[in-house]
Amino acid sequence: MLKKFDKKDEESGGGSNPFQHLEKSAVLQEARVFNETPINPRKCAHILTKILYLINQGEHLGTTEATEAFFAMTKLFQSNDPTLRRMCYLTIKEMSCIAEDVIIVTSSLTKDMTGKEDNYRGPAVRALCQITDSTMLQAIERYMKQAIVDKVPSVSSSALVSSLHLLKCSFDVVKRWVNEAQEAASSDNIMVQYHALGLLYHVRKNDRLAVNKMISKFTRHGLKSPFAYCMMIRVASKQLEEEDGSRDSPLFDFIESCLRNKHEMVVYEAASAIVNLPGCSAKELAPAVSVLQLFCSSPKAALRYAAVRTLNKVAMKHPSAVTACNLDLENLVTDSNRSIATLAITTLLKTGSESSIDRLMKQISSFMSEISDEFKVVVVQAISALCQKYPRKHAVLMNFLFTMLREEVRAGIWGLSGLLIPAASLLPPLGAPVRSTVCSGYRCVMDDDNEVRDRATFYLNVLEQKQKALNAGYILNGLTVSIPGLERALQQYTLEPSEKPFDLKSVPLATTPIAEQRTESTPITAAKQPEKVAATRQEIFQEQLAAVPEFHALGPLFKSSPEPVALTESETEYVIRCTKHTFTDHMVFQFDCTNTLNDQTLENVTVQMEPTEAYEVLCYVPARSLPYNQPGTCYTLVALPKEDPTAVACTFSCMMKFTVKDCDPTTGETDDEGYEDEYVLEDLEVTVADHIQKVMKLNFEAAWDEVGDEFEKEETFTLSTIKTLEEAVGNIVKFLGMHPCERSDKVPDNKNTHTLLLAGVFRGGHDILVRSRLLLLDTVTMQVTARSSEELPVDIILASVG
Amino acid sequence: MFISLQEPSLYTVKAILILDNDGDRLFAKYYDDTYPSVKEQKAFEKNIFNKTHRTDSEIALLEGLTVVYKSSIDLYFYVIGSSYENELMLMAVLNCLFDSLSQMLRKNVEKRALLENMEGLFLAVDEIVDGGVILESDPQQVVHRVLQSAKEQIKWSLLR
C-alpha cells in the first residue's frame, strides 16, 4: 500500500520532506536542547540527524559553532538510548575535523569500547580511532589489541579497519599488533578475515619474504572469505610481477586455482589478474579466457561488463586467444547496456575477420550517440588499430570516423583532441596505393560543400601527424590553407610516387575558403542600437552621408565605427582620421582631414585605397578645399567582396592625393597654380567587428535555442601567444565586436576554464551568437561555436577567428 | 586502459551517493579526495545522473570511474570506485546498501520513506563502508546492528 508520491506535496508543505527548508543557525540553536535534563532521546537524535544532514549537503560550519554544537552533544552521553548513542558516534566522526578539542570524548568512548554493550563497542572503536593521535593511541593500545581478537565480529572488524587507517600516522604503534591481526585472520567471519589479511599485508608489504610466507600460509589452508581471496589474488599478482616470476611459481598456481572458486567475484578477480600479468602466453591465458567467456552470458550486467572489458584487454595483445569467444561477443553486440555493446564490438573488431568489419561498423554507428565520451575514445582507438591491419578497409573506416567527428563529437575541445590524435595515427608511412585510397576517400567527401572545412581540418590533422608532434594547433594552421589548393596538391602527391611525406607548406595560403554566394531576399532590417548616445551619433552620420549624392543608393547605414582611427601621427603636416561606415553591401570610409601647414592650401583631396582582399573601390568623393587648420572631409566608397563574402577582414593601404597650392601665411592668398602631390598614410584595417553591431541578449540560452542549429558551426583553436583567460576573453570581445552576455566577460579568479557568450547582429540584420569555450593549460585552447539564422555570418566568424 | 598491477589495497570505495528524481543530492559520502570541493562533487553528481537516470543499465564508466547503480521509484543509488576496481565488489556494496535499506524501510525504498528514516540511512552506511573500506557485506548484519535488536526496533517504531 504505497502512497503515491506527489511532488506537489513536497513543494507546498514542509511536511513530506523534513529537511527541505533547514537553516543552519536555526538547527544549531536547537542543539541547546541537549543541555536540558531529562534528555529526550528521540528529539535529540532527530536534531543530530538534521545537523548531519546539513553537513552532508555541503553546508559549511565555522569552527566556533561546530565546537559549541560538539560540546552540547557530549551531554548526550548521559542517556543510555542506543540509537542516540550511535548518532553521537556519527556526529563525533563528522565533526572531528571541524570542531576543536574533540578529544574530550576520549574517555567516554574508551568506556564504551570496553563496556558491556556489544552494540556500542564496534562503532565506539571507530569513532575513537578517528579522533586519536599517536600519543593517545599508545594509551589505548591494549584495548585495541583486545578488540582485534574479540569474538564479536563487528568489534574485531572495527578494530582492524581502524588500525589500517591509523597506519598512516602511527605505523610503528600499529605494527606491534600483527600477532593479534594474525590470529584474527583465522576467523570464520568473512569480513574479519578480509580485514585482518588486509592489515597484515599493509604492515608487511615492503618485506617480500614475509608477504610470501603470508600467502603460502593462508592459501594452503584455504580461505573463508571471498573478499580475502580477492585481496590475496592481488597480493600474489603483485609478488609475481615484482619477482618476474615464472609461471611455475606456486603463486601463479594459487591464482589459477581461484578460477575454480565458487564465488563469481573471486573467479573474475583471478581471470583479471592472469590477463594483466605481463608476458602471459596464449596457453596460460586460455583458462582465464574461457571463464570470461562464460560470464558473457551472465544475467548480471555488471558481470557481462566486467567480462567483456577484460576480454577487450586480452584482445589488444592476444587477439587469437579471444577468437573462441567470438560467438558470445556477437550476442553482446545488441546488449541494452551500450557500454557492453561497445566493448563487444571493439573486441570483435580486433578478433573478427575482415569480412565482419562492415557489419560491425554499421552496428556501432547506430548507437554512437548513446555512449559516453570514454567509450568514444575506445572506439576510435580500435578503429585506428584496424586501419593498420586491414588497408583495404580504409575507406569504410575513415568514412566512419569522418561521420563520427561531424555528427557525434560535441563533447568539448578536450574530447576532440583526444579523438583526433589517436585517429591521426591512421597513416603510417605506407605506399602509394594506400595514399590514393585515402585521398580518393577524401575527395568524395569534398563534394559536400558545407562540410569542407570540417573534413579538411580532420584530414590535415591526420597528415600533419607524419610531419611532427601532434598538436591541436594544427587545426588552426590548417584553416589558413587554401582548400582547392590543398586538393590540387594532394592530387599531385598521389599521382607522383614519392618517399617524402606530404608537405603542407607546398599548399598555397589563402583566407578565402569556398562558400556559396548568398542572395538575400529578406528585407534589410535596421541595425539594433542599444545605446541612445550611439543612435544619435549614427543618425547624424546617416544624415551626412545621405547628403552625398554618390551614396544615395546604399540603403540604410548599418554601423559606424565607434571611434575614428588615426592614419597619421599626431604632429604631422596633415592629420587624417578615418571613420568606417558599414552598409549592406558597401563601406564608406570617411576621412576627416586637417592641414596643419600654414603656407599651403590643399585642393581636391582624396584618399586612395588599395585593398588586400576582394573589396572593390568604386569612387572617391573629394574634399574640395583644405585651407590651413580648417578640417574637411573626403570619402571613399568601397564595395564588399562579392565572390568571397566571408573575406570581410581586409587591410587597405592608404594614400592621400591632392593638389597643393602655396599660400602666403600672412595674407592667406593662394597661388592659382598648384602641383600634384601625395602623402602616404598608415594602413587601415577592416575587421569582422566592423560588420557586426553589438547586441545584448539578457537570456543567451533562449536566444541560442531560438536561432537554432541549422547553420551552426564549430571550430577549435589554440591561442599560442595568449597566456591567461582574461587576455583571451578581452581579445575575443574586442576582435569580434560582439556584446558579451550574462556577464561572461568576467573570468572568475583561479579558473582554468571559462565560457564566453557573445551576441550581435550581422550586417544585413542577421542575429549572430557565439559561444566560446576556453581552456587554459600551458596555452589557451578555444572552442568556438557560432549560430545564426544565415550561414554566411557563421562562416565569417569562424573564418575571422582563424 | 591496460595498466600494470595496482597496489593491493582494502580501499575500494570512492563514494556512495543517493540522488533523487531531479538528480539532487539526498546523501553523499566521499571517501577520498577525487572530488575535493562540494562544487566539484555536485558537478560530478549532476553528470552521472544525466548519464544514468534514463537507462537501466546498472554499470557505466564515467569520468574515468566505475559507477554501479540501481534505482527504485524516485531514488538513485550509486557506488563509485576506480576503473581498476573489481566491479563485482562494488556491486556487493550496492546490493548490501539497497537490501539493508529495503528491510529498514519495509520495502518502501522511495524518497519520502528515506527522508523519514535518515538516522537509519546514516547508520547503515556507517556499517557498510568505513573510510573507503568495505566493512560489512551482509545486509542482515547491517540491519541488525542498526536496529540493535528486535526489541529496540519495536520500541523505536512506537516512539515515532
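Residues numbered from 1 in each chain as written. Chains lettered and ligands numbered in written order. Predicted model: local features only at pLDDT ≥ 70, side-chain atom pairs only at ≥ 80, totals over all residues. Heavy atoms only, no water.

On a plain count of helices and strands, chain B comes out with 6 helices and 7 strands. Ordering the α and β elements of chain B from the N terminus gives β-β-α-β-β-β-α-α-α-β-β-α-α. Considering only intrachain contacts with a sequence separation of at least 6, the fraction spanning at least 24 residues in chain B is 54%. Here chain B displays about 6200 Å² of accessible surface, and carbon together with sulfur accounts for 49% of that area. (Helix = DSSP H or I, 4+ residues; strand = E, 2+ residues; numbered from the N terminus. Contact = heavy atoms within 4.5 Å. Areas by Shrake-Rupley, 256 points an atom, 1.4 Å probe, with all protein chains shown as cover.)

All names here are of chain A. Here strand S8 (residues 632-639) lies mainly inside the structure; 7 of its 8 residues are buried. The pairing of strand S4 (residues 586-595) with S8 spans 8 bridges and is classified as antiparallel. Residue pairing across strands places Asp 592 opposite Thr 633, the latter belonging to S8. Note: strand S6 (residues 616-621) against S8, 5 bridges, orientation antiparallel. (Buried < 20%, exposed > 50% of the residue type's maximum accessible area, 1.4 Å probe, protein only. Pairing = 2+ DSSP bridges.)

On to the sheet that holds strand S4 (residues 65-72) of chain B, then. Residue and element names in this part refer to chain B. What the 5 strands build is an open sheet, ordered S2-S1-S5-S4-S3; its pairing is antiparallel. In this open sheet, the two edge strands, each paired with only one partner strand, are strand S2 (25-30) and strand S3 (59-62). Going from strand to strand, the sheet's axes swing by 20 degrees on average, the running direction of each strand aside. Pairing of S4 with strand S5 (residues 75-82), which is carried by 8 bridges, proceeds in the antiparallel orientation. Paired with Tyr 69 across the two strands is Tyr 78, which belongs to S5. Lying on the sheet, helix H4 (residues 118-128) is in contact with strand S1 (15-20) and S2; it crosses S2 at an angle near 20 degrees. (Axes fitted to C-alpha atoms, helices over the stretch in contact; angles between N-to-C directions.)

A few words on the packing of aromatic side chains. All names here are of chain A. Counting across every chain of the model gives 18 aromatic pairs over all chains. Relative to Phe 658, the ring of Tyr 574 has its centre 5.3 Å away and its plane inclined at 65 degrees; by these criteria the two rings are edge-to-face. Of this pair, Tyr 574 sits in strand S3 (residues 574-582) while Phe 658 sits in strand S9 (residues 650-662), placing them 84 residues apart in sequence. Grouping residues by exposure puts Tyr 574 and Phe 658 together as buried. (Phe/Tyr/Trp six-rings, centres within 6.5 Å; stacked < 30°, edge-to-face > 60°.)

So, on to the pattern of salt bridges. Where charged atoms from two side chains of opposite charge come close, those side chains can pair. Overall, the coordinates contain 36 salt bridges over all chains when judged by the stated rule. Put simply, Glu678(A) and Lys657(A) hold a salt bridge, and the shortest N to O gap is 3.9 Å. Separated by 21 residues along the polypeptide, Glu678(A) in strand S10 (residues 675-680) and Lys657(A) in strand S9 bring together distant segments of the chain. By relative accessible area, which is 43% here, Glu678(A) ends up partly exposed. Residues Lys746(A) and Asp745(A) are paired through a salt bridge, measuring 3.4 Å at the closest nitrogen-oxygen approach. Under the relative-accessibility criterion, Lys746(A) is labelled partly exposed at 48%. In this structure Asp745(A) comes out as partly exposed when scored by relative accessible area, which is 32%. Ionic contacts of the salt-bridge type, sharing partners, join the residues Arg86(A), Lys93(A), Arg126(A), Asp126(B), Glu127(B), Asp130(B), Glu136(B) and Arg145(B) into one network. (Salt bridge = Lys/Arg side-chain N within 4 Å of Asp/Glu carboxyl O.)

Our next topic: the packing of helix H9 (residues 141-148) of chain A against helix H10 (residues 153-174) of chain A. All names here are of chain A. For the pair H9 and H10, the least separation of the axes is 8 Å and the interaxial angle reads 135 degrees. Taken together, the axes of H9 and H10 lie oblique to each other. In this structure, H9 crosses over H10, and the sense of that crossing is left-handed. Residues Glu 141, Met 144, Ala 147 and Ile 148 of H9 pack against Val 155, Ser 156, Ala 159, Leu 160, Ser 162, Ser 163 and Val 173 of H10. Classifying every residue of the contact of H9 with H10 gives 7 nonpolar, 3 polar and 1 charged. (Parallel < 35°, antiparallel > 145°, perpendicular 65-115°, else oblique. Left-handed = near helix turned anticlockwise from the far one by under 90°. Nonpolar A, V, L, I, M, F, W, Y, C, P; charged D, E, K, R; others polar.)

The next point concerns the interface of chain B and chain A. Taken together, the contact between chain B and chain A spans 66 residues of the former and 78 residues of the latter. Summing the contributions of chain B and of chain A, the shared interface buries around 6500 Å²; its carbon and sulfur component is 57%. Applying the counting rule to chain B against chain A returns 10 salt bridges. The residue Lys93(A) makes a salt bridge to Asp126(B) at a minimum N-O spacing of 2.7 Å. By residue number, the principal contributor to the side of chain B that touches chain A is H4(B), which donates 6 residues. Of the residues assigned to the side of chain B that touches chain A, the class counts are 30 nonpolar, 13 polar and 23 charged. (Buried area = accessible area lost by both parts, 1.4 Å probe.)

Residue and element names in this part refer to chain A. Assignment of secondary structure puts Thr 636 in strand S8. Only 2.9 Å separates the side chain of Thr 636 from the backbone oxygen of Val 607, close enough to count as a polar contact. Apart from the residues lying within four places of it in its own chain, the contact partners of Thr 636 are Met 587, Val 588, Phe 589, Phe 591, Val 607, Met 609, Val 617, Cys 619 and Tyr 620. (Polar contact = N/O pair within 3.5 Å; in protein donor to acceptor, adjacent residues only side chain to side chain.)

Before going further, it helps to examine the confidence of the model for chain A. Residue and element names in this part refer to chain A. With 81% of its residues at a pLDDT of 70 or more, chain A has an overall mean of 79. Throughout residues 463-483 the model reports pLDDT below 50, and contacts reaching past four residues in sequence, or to other chains, amount to 52 contacts. Predicted confidence for residues 508-535 stays below pLDDT 50, and this span has 43 contacts to residues more than four positions away or in other chains. (pLDDT = per-residue confidence, 0-100.)

Residues and elements named next belong to chain A. Its 14 residues give helix H7 (residues 118-131) an end-to-end C-alpha distance of 21 Å, which sits within 8% of 20 Å, the value for a rise of 1.5 Å per residue. The largest bend along H7 reaches roughly 25 degrees and is located at Ala 124. By the criterion of burial, H7 is predominantly enclosed, with 11 of the 14 residues buried. Taken together, the buried positions of H7 are occupied by Tyr 120, Arg 121, Gly 122, Pro 123, Ala 124, Val 125, Arg 126, Ala 127, Leu 128, Cys 129 and Ile 131. (Expected span 1.5 Å × (residues − 1). Bend = angle between axes of the 7 residues up to and from the residue.)

Quick look at helix H13 (residues 208-221) of chain A now. Residues and elements named next belong to chain A. Its 14 residues give H13 an end-to-end C-alpha distance of 20 Å, which sits within 8% of 20 Å, the value for a rise of 1.5 Å per residue. For H13, the full list of buried residues reads Ala 210, Val 211, Met 214, Ile 215 and Phe 218. Seen end-on, H13 carries its buried residues on one side only, within an arc spanning 135 degrees. In H13, the exposed positions that point more than 90 degrees away from the buried face belong to Leu 209, Lys 213 and Arg 220. (Arc of directions from axis to C-beta.)

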